[in-house]
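# Results of the structural survey
Listed below are the residues making up each chain.
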Amino acid sequence: MKSILAKCMLVATCLACSTAFAQSPGSNSDSDVQKLHQAFAHPPDDSRIMMRWWWFGPSATKDELKRELEQMKAAGIGGVEIATLYPLALDDAKTGFHNYDFVSDEHIGNLKFAAEEARRLGLRMDVTLGSGWPFGGPHIPVSEAAGELRVESVPVSAGEASVAKPALEAGESLIAGFVSPSGEKPGDFKDAKEMSLGPGARLELAGSGSARVVTFFVSSRTGMMVKRPSQGAAGFVLDHYDAAATRNHLEAVGDRLVSAFGDHPPYAVFSDSLEDYGSDWTPNLMAEFEKRRGYDLTPFLPALVGDMGPETAAIRHDWGETLTELANENFLKPMEEWARQHKTQLRSQTYGFPPVTLSSNRLVDLPEGEGKASIHMWRAFSDTRWAASAGHLFGKNVISSETWTWLHSPAFRATPLDMKAEADLHFLQGINQLIGHGWPYSPPQAGEPGWRMYAAGVFDAHNPWFMAMPDLTGYLQRVSYALRLGKPANDVAVLLPNDDVWASFKARIQKNKSALSVGGFDERGSNVSMDEQMPKFLGNEVIPQILDAGFNFDFIDADAIDTVGIPYKALVLPGLERISPEAYEKIVDFAKHGGIVIATIRLPDAAPGYRDADSIAAEVKRLSGELFRGQISTAHFVENEHGLGAELAKLVKPDFVAAPATPEVGFIHRKLESGDLYFVANTSNQRRSVQATFRAGGKSGEEWDPFTGAVKGLEDANRAELNLEPYESRLLYFSSTSLSPARKAVRIKKIDISKDWQFVAGDASSSMSTLRSWSEDAKLRYYSGTATYTKSVDVPKSFGRGGVRVFLDFGEGMPVPLPDPLPQFNMRAYLESPVREAGAVYVNDQLAGYVWHPPFRVDVTKLLKAGANSIRVVVGNTAINELAGTSLPNYRLLYSRYGVEFIPQGMEDLKPLPSGMLGPVSLVEGEAGR
């Protein structure tokens, strides 16, 4: 491991050995292009990936903290985000191992030490402002706990004159009661009558000869507790609509955490995804609602859980909009102000519950998305594109995403190729800062392969393939840097139907204190989430239609239009029903000034909310008529979503066209002052060959190699023949100035060296006449680690001469059929490598490179010589083989002590995986040198 880390440090140091050119050149001079090349070859440290560093317990010690930070530095990782979670081991007086309380003196002391070490190593450090998620803990009283509208439905028999009011707990208050005829279908409140609550424990009813239903509305609490808390951090989740609860948390937890950083505050403080499930109320909501919406919500409360007639959706809209405003003002705004006061930045995953919007990201410094563990995430609605769009709209150039969550479960199964495959999907959506999920702190006594988070990938030095991490992080660093250059160049914006989503919100109703489904709400409570409901309104066609027509795009919402306008060539209205006249006026003005507007399925015709709905709806209809039935030539209506792409391509010249059409190949475009940069990726497990035409082609073009930093010219500055291996990606740069000369690819000779390798793994050694998986050997079936393959190869004098490059080629990967249907969490590279899972290649005892991704080859031109050559390949597999051969940890006593805070996922019935160099292996003459 020491030798591996030393090699990691050497590669990482080489990447950062030059001052980077962080912005695009100001002119087209050769000097500026050279600076751009130099900066790409040696990108700045701040474009390196980061890791979410899980501290379990907490139980971290200074020695282990120092060791792990040094491992990250050596591997090319640029920083950490500290997240503190549940204990993974019981205190042991014999060994001295112990857990300590969250924000205790010991915890703060170790956090201070880690911050000092990170600063010494030049690593960025962020800290999560809480333990587990969402924010909360023992300092949150029930009066500041997450709020919920508790709706209880009680049947009343014919002739009964009263009914018991709901029993109330601390933190609850009775708001209103309604009586409606029995026999109505569940959720039908069109004939509901509000009752006077009166004093006492029972609600008095007027006599009736028929059965009825009484529905009570209670300002209540969800009862949600912090998930996965560390020792001393369990407690209620805070009320995200209550500024006092936010301030309480920041004072109790935030102030304490940042005190560890002294005069060097963390680069950023972090707010994880808002998973405050079911939180749809706060005690002062009624007063805030009337102040903001202009009418009393009380007589309309049944509309939040059922049907009160035509105005139902409008009432729900106004409730949802109020919740959004309260979350912005009472959670995000105090968080951002607190961060500024403490001289740090707020990095936030601003989506989920409560219903924050895309424009809520105006209140954060560093917007962040999150992968949904799907191979199709980039072709569907995603929180990743949501965050990237907000960054583009509000001028936040660095946009991060939580990456590799649920990647190729279970823990330790993910490979470097899996990591690249998912990272490229984030890049295609506009992300340029990756936050790996994650790196588990693991003490020596945990053994191999160490601790792991219950439901996430593990990307630490306990992976046998870790020697290849610097090669992977170098690739990710260069692409991240490249995608920060210049400005985003997306042509199309898709207007998010926020008003329609608010109008779909619904609280849950209870009968006999158990959940009663009346349709449309989440099992975790009400469905008050913008991003989780949004796919239902966007549908499955809009996004693929835009991408397949040759465009990339951002999301936008009405608040963003009000703030920054519409900085795009085209705006898509995807089946909108509701829109405010103010936003619609700006869209009409955009079209009048030449902007393209395309509406699909229907034209907006409804007022967003309840108040003055008739007159506002009339104005919306008038604007629809003016825009789409008047004299504005740039406005178009497409009745069927399937025609959206073709209509777009007629009105705007496509930015990227692949022939033949290849939906698996995606792109993103950045506009530099000196030219145009495209990132292109094959997202499939098959080789794809396309003739690609770039709208921004110029006088000359280049291909930038994100693995080596090398640059080579293109023969054609407007189009390129792209032969993309599975999961391969390219950077292409076009400029009006002269760039690097082109090189032609040639194939000359091939020498097969697949046979007779010497093999050593642990205590086992053998001569392999034919390459095979070491897991086929009974002695090595459960071996996880590295193996060394050596061989002497005689190379003819004529081989690799004349400037021709020579590669050590390991063969092609084998595509894995995609499951049908795809499981919910399906993100992985569906390709089995001929080297399982990564290898370091040495020629004549010098490191030539790493093999783990297609094309599975390493350039050995400079190290190979005529005559005898020593070839050595060190291959690391995954830790799965070792895990398959051992019993799973027994957490019975840990659960007894701390409760069941986690259950390891996907760890049952593990099987050893193929491991090692599988062949064939050959020396191949290939691309000619410059």
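Everything below is about the structure shown above.
Notes on the structure in this doc start here. All values reported here derive from a predicted model rather than from experimental measurement.

Conventions we followed
Residues numbered from 1 in each chain as written. Predicted model: local features only at pLDDT ≥ 70, side-chain atom pairs only at ≥ 80, totals over all residues. Heavy atoms only, no water. Salt bridge = Lys/Arg side-chain N within 4 Å of Asp/Glu carboxyl O. Helix = DSSP H or I, 4+ residues; strand = E, 2+ residues; numbered from the N terminus. Buried < 20%, exposed > 50% of the residue type's maximum accessible area, 1.4 Å probe, protein only. Pairing = 2+ DSSP bridges. Axes fitted to C-alpha atoms, helices over the stretch in contact; angles between N-to-C directions. Contact = heavy atoms within 4.5 Å. Phe/Tyr/Trp six-rings, centres within 6.5 Å; stacked < 30°, edge-to-face > 60°. Lys NZ or Arg CZ within 6 Å of the ring centre and 35° of its normal. Core = buried A, V, L, I, M, F, W, Y, C linked by side-chain atoms within 4.5 Å.

For the structure shown, the criterion picks out 53 salt bridges. Among the ionic pairs, Arg292 bridges to Glu329, the shortest N-O distance being 2.8 Å. Of this pair, Arg292 sits in helix H6 (residues 285-293) while Glu329 sits in helix H7 (residues 312-341), placing them 37 residues apart in sequence. Glu329 gets classed as partly exposed once you look at its relative accessible area, which sits at 37%. One salt bridge connects Arg622 with Glu626, and the closest N-O pair in it is separated by 3.3 Å. In this pair, Arg622 and Glu626 both sit in helix H16 (residues 613-628), 4 residues apart, roughly one turn of the helix. Three or more residues joined by partner-sharing salt bridges are found here, namely Arg52, Glu81, Arg124, Asp126, Asp272, Arg347, Glu368 and Glu402.

Here we come to the sheet that holds strand S17 (residues 400-403). On the basis of which strands lie adjacent, the closed barrel formed by 8 strands has the order S1-S2-S3-S12-S14-S16-S17-S18 and parallel pairing. On average, each strand axis in the sheet is inclined to that of its neighbour by 30°, with strand direction left out of account. The strands that helix H3 (residues 62-74) touches are strand S1 (50-56), strand S2 (79-85) and strand S18 (433-440); relative to S1, the one it contacts most, it runs at about 160°. Strand contacts of helix H8 (residues 383-393): strand S16 (366-370) and S17, with the helix running at about 160° to S16, the strand carrying the most contacts.

With that settled, consider the sheet that holds strand S25 (residues 596-600). Pairing between the strands of a sheet is mediated by backbone hydrogen bonds and can be parallel or antiparallel. What the 5 strands build is an open sheet, ordered S23-S20-S24-S25-S26; its pairing is parallel. Looking along the sheet, the strands with just one partner apiece sit at the ends: strand S23 (553-556) and strand S26 (635-638). Ignoring strand direction, the axes of neighbouring strands in this sheet form an average angle of 25°.

Counted by the stated rule, this structure contains 37 aromatic pairs. Taking the centre distance of 4.9 Å and the plane angle of 40° together, the rings of Phe40 and Trp704 count as tilted. On the criterion of sequence distance, the pair formed by Phe40 in helix H2 (residues 30-41) and Trp704 in strand S31 (residues 700-704) is long-range, its members being 664 residues apart. Here the two residues Phe40 and Trp704 agree in accessibility, since each one is buried. Joined through ring pairs, the aromatic side chains of Phe56, Tyr86, Phe97, Tyr441, Trp451, Tyr891, Tyr895 and Phe902 make up one cluster. Just above the ring of Tyr842 sits the side chain of Arg872; from NZ or CZ to the centre is 4.2 Å.

Here we take up the nonpolar core. Counting residues in hydrophobic clusters, the biggest one holds 252 residues, and the most contacted among them are Trp53, Ile587 and Tyr789. The leading source of residues in this core is H7, at 10 residues.

Within the element layout of this structure, Arg379 appears in the loop between S16 and H8. Not counting the four nearest positions on each side in its chain, Arg379 is found in contact with Ile543, Pro544, Leu547, Asp548 and Pro663.

For Leu888, the position within the fold is in the loop between helix H18 (880-884) and helix H19 (892-898). When the C-alpha positions of Leu888 and Glu908 are compared, they lie 8.2 Å apart, and in sequence the two are 20 residues distant.

In the sheet, strand S7 (residues 173-181) pairs with strand S10 (residues 212-221) via 8 bridges, with the strands oriented antiparallel. When the sheet's bridge partners are listed, Gly177 is paired in S10 with Phe216. When S7 meets strand S8 (residues 193-195), the two strands line up antiparallel, connected through 3 bridges. In the sheet register, Val179 faces S8, and the bridge partner there is Lys193.

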